[in-house]
Amino acid sequence: MTVCPLCASRRTRHFQDVEQYAFHRCDECAFVFLDPMPTETVLESIYNNDGSITSEFYPKARSRFRRALRTAFHLYRYARGGNLLDVGCGGGFQVAAFRWFGIESSGLDISADSIGYARNKFKKSKFYCNSFDEFLSNNKKYNFIFSSEVIEHVVDLNEYMNFLNKCLSSKGYVYITTPDIASTRVPANIVEWDVFSPPRHVQFFCRDNIVTLFERHGFALEKQFRDPKAGLRVLFRKV
C-alpha cells in the first residue's frame, strides 16, 4: 500500500497514469502525488538542460518583470522592513521587483542557466545556485520567503518544509503559489491540464491539504489571495 507523503495515511489509491509515471490520490487529505518519485538527479538534469535560457536571454523577460512588479506591490506590506529570499527564483525577476520597492532581496535556484541570467541582468542582488543543504550552510535568516510554483516540483516535502523553517525568522512570512487540483477550472480530463506534467510536477495540492501541511510544520495561514487561474496563492506566518 502506498503511504501518503503529506498525512501518512494508507488510504491511497491509483489516480492517473501519464506515460510511465503513476499518480496516486490520498482519500484522507486529497493529496495527489507520484509514486515512485523521480530522483533529484533526474529533476536537476531537466532544469539544467532546457536549452532555452542563457546568460543573455530568458523567455518572456519583459512580461515576467511586469508581473513581478504587480506581485511585489501586493505583497509589499508583508515584506517591507526586512530581507527576502526567493526560493526557485528562475531568472531573478521577482527579486529585482522587490528590490525596486526597496526590499533587500536574494534568489535561490538549482538551474545554473537561470542563475547565470539573473546574475548578469540584476547585478545588485545576490543569487545562489545551491541545493537546500548547500544553502543552509550559509546560516542566513530572512523575514520573508517567496516561493512561487516550486512546491509542486520537490520530491521531499519534509526537506522543503524544514528548509523554510530554518531560513525564516521568527514571525516571518512565506508566500506560496502552486496549481490547485481542486479548482473548478481544472479540465474534467486531468491529462488535458497543461501543468499535469510529470516529472516536472510531482504533486498537487488543494487549499485544505496545503494549510494542513504548513500548520503541521509550525505555520499559520495569514491570507489566501484570489487566483484568476487554477492556482493557489497563500501567505503563511511562522508561529
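Thresholds, definitions, all that
- Starting from 1, residues in each chain are numbered consecutively following that chain's sequence as written.
- For a predicted model such as this one, the threshold for reporting local features is a pLDDT of at least 70, and the threshold for listing and counting side-chain atom pairs is 80 or more; totals across whole chains, interfaces and linings nevertheless cover every residue.
- For the side-chain quantities, the full set of heavy atoms in the structure was used; hydrogens and water were omitted.
- Think of it this way: DSSP has to see at least two bridges between two strands before they count as a pair.
- Each helix is a run of DSSP H or I of at least 4 residues and each strand a run of E of at least 2, with the numbering of both proceeding from the N terminus.
- Each axis is a line fitted through C-alpha atoms, and for a helix only the stretch in contact is used; angles between axes span 0 to 180 degrees, taken between their N-to-C directions.
- Here, nonpolar core refers to any group of buried Ala, Val, Leu, Ile, Met, Phe, Trp, Tyr and Cys residues whose side-chain atoms link them within 4.5 Å.
- Between buried and exposed lies partly exposed: a residue is buried under 20% and exposed over 50% of the maximum accessible area for its type, with that area taken using a 1.4 Å probe on protein chains only.
- Any two residues having at least one pair of non-hydrogen atoms within 4.5 Å are treated as being in contact.
- Aromatic rings from Phe, Tyr and Trp, taking only the six-membered ring of Trp, are treated as a pair when their centres fall within 6.5 Å; an angle between ring planes under 30 degrees marks them as stacked, one over 60 as edge-to-face, and anything in between as tilted.
- Only one rule defines a salt bridge in this text: a Lys or Arg side-chain nitrogen within 4 Å of an Asp or Glu carboxyl oxygen.
- Expected helix span is taken as 1.5 Å per residue step, with the number of steps being one fewer than the number of residues.
- A residue's bend is given by the angle between axes fitted to the 7 residues ending at it and the 7 residues starting at it.
- Two N or O atoms count as a polar contact when they lie within 3.5 Å, although within protein this holds only if one can serve as hydrogen donor and the other as acceptor, and sequence-adjacent residues are included solely when both atoms are side-chain atoms.

Participant: Can you lay out the sheet that holds strand β8 (residues 168-179) for me, pointing to particular residues and giving the numbers?
Facilitator: Within a sheet, adjacent strands bond to each other through the backbone by hydrogen bonds, running parallel or antiparallel. In spatial order, the strands read β6-β5-β4-β7-β8-β11-β10; together these seven strands make up an open sheet with mixed pairing. Strand pairing shows two members of the sheet lacking a second neighbour, β6 (126-128) and β10 (219-225), which therefore form its edges. The average angle at which neighbouring strand axes cross in this sheet is 20°, direction not considered.

Participant: Outline the nonpolar core, listing residues and values.
Facilitator: The tendency in soluble globular proteins is for nonpolar side chains to be buried as a group. Ranked by size, the top nonpolar core spans 35 residues in total, and within it Ile-151, Tyr-160, Phe-163, Leu-164, Val-174, Phe-205 and Phe-214 carry the most contacts. In terms of residue count, helix α6 (residues 157-167) provides more of this core than any other element does, six residues in total. With residues up to four places along the chain from it excluded, the contact list for Phe-205 reads Leu-6, Phe-31, Ile-151, Leu-157, Thr-178, Pro-179, Asp-180, Ile-181, Ala-182, Ile-210, Leu-213 and Leu-232. Listed in part, the 26 residues of the second largest apolar core include Ile-53, Cys-89, Ala-97 and Phe-146.

Participant: Could you give an account of the packing of aromatic side chains, naming the residues involved and the relevant values?
Facilitator: Across all of its chains, the model carries 27 aromatic pairs by this definition. Taken together, a centroid distance of 5.9 Å and an interplanar angle of 70° make the contact between Phe-98 and Phe-146 edge-to-face. In this pair, Phe-98 is assigned in helix α3 (residues 93-100) and Phe-146 in strand β7 (residues 142-148), connecting sequence segments 48 residues apart. The same class applies to Phe-98 and to Phe-146, which are both buried.

Participant: Account for the pattern of salt bridges, naming residues and giving values.
Facilitator: Should the charged atoms of two oppositely charged side chains come close, the side chains can pair. If you walk through the whole model with that rule in mind, you get six salt bridges. Among the salt bridges present, the one from Arg-11 reaches Glu-28, with a minimum N-O distance of 2.8 Å. In this pair, Arg-11 sits in the segment before β1 (12-18) while Glu-28 sits in the loop between β2 (21-26) and β3 (32-34), placing the two residues 17 residues apart along the sequence. Judged by relative accessible area, Glu-28 falls into the partly exposed class, the value being 48%. One salt-bridge network, in which partners are shared between bridges, spans Arg-13, Arg-25 and Asp-27.

Participant: If you had to explain the sheet that holds β2 to someone new, which residues and values would you point to?
Facilitator: Strand order in this open sheet of four strands is β1-β2-β3-β9, and the pairing throughout is antiparallel. Bordering the open sheet on either side are β1 and β9 (203-204), each of which pairs with just one other strand. Bridge analysis of β3 against β9 gives two bridges, and the strand direction is antiparallel. Each bridged residue has a counterpart across the sheet, and for Phe-33 the counterpart in β9 is Gln-203.

Participant: Go over helix α2 (residues 61-79) with me, naming the residues and quoting the values.
Facilitator: Its 19 residues give α2 an end-to-end C-alpha distance of only 23 Å, which falls more than 12% under 27 Å, the value for a rise of 1.5 Å per residue. The largest bend in α2 amounts to roughly 40° and is located at Phe-73. Those residues of α2 that sit buried are Ser-63, Ala-68, Thr-71, Ala-72, Leu-75, Tyr-78 and Ala-79. For α2, the secondary structure elements touched by its buried residues are β4 (83-87), α3, β7, β8, β10 and β11 (231-238). Downstream of α2 by one or two residues, Gly-81 has phi in the positive range, about 80°.

Participant: Quick rundown of the environment of Asp-109? Include the residues and the values.
Facilitator: Within the secondary structure, Asp-109 sits in the loop between β5 (104-108) and α4 (112-121). C-alpha of Asp-109 to C-alpha of Cys-129: the two residues are 20 residues apart in sequence and 5.2 Å apart in space. Excluding its chain neighbours within four sequence positions, the residues that come into contact with Asp-109 are Gly-88, Cys-89, Gly-90, Ile-115, Tyr-128, Cys-129 and Asn-130. Of the polar contacts made by the side chain of Asp-109, one reaches the backbone nitrogen of Cys-89; its length is 3.2 Å.

Participant: Could you give an account of the environment of Glu-222, with specific residues and numbers?
Facilitator: Tracing the sequence through the fold places Glu-222 in strand β10. If we ignore the near neighbours within four places in the chain, the residues touching Glu-222 are Tyr-78, Tyr-173, Leu-235, Phe-236 and Arg-237.

Participant: Quick rundown of the side chain of Thr-12? Include the residues and the values.
Facilitator: Mapped onto the elements, Thr-12 comes out in strand β1. Of the residues examined, Thr-12 reaches a relative accessible area of 10% and is grouped as buried. Only 2.4 Å separates the side chain of Thr-12 from the backbone oxygen of Thr-2, close enough to count as a polar contact. In this structure, Thr-12 is in contact with Met-1, Thr-2, Val-3, Cys-4, Arg-25, Cys-26 and Phe-33, ignoring residues within four places of it in sequence.

Participant: Go over unusual backbone geometry, please, and point to the residues and values.
Facilitator: The linkage connecting Asp-35 with the following residue, Pro-36, adopts the cis geometry, with an omega of 0°. Structurally, Pro-36 can be placed in the loop between β3 and α1 (40-47). Between Pro-198 and Pro-199 the backbone carries a cis peptide bond, its omega angle lying at 5°. By the secondary structure assignment, Pro-199 is in the loop between β8 and β9. For Ala-30, which is not glycine, the phi dihedral falls at a positive 70°. Within the fold, Ala-30 resides in the loop between β2 and β3.

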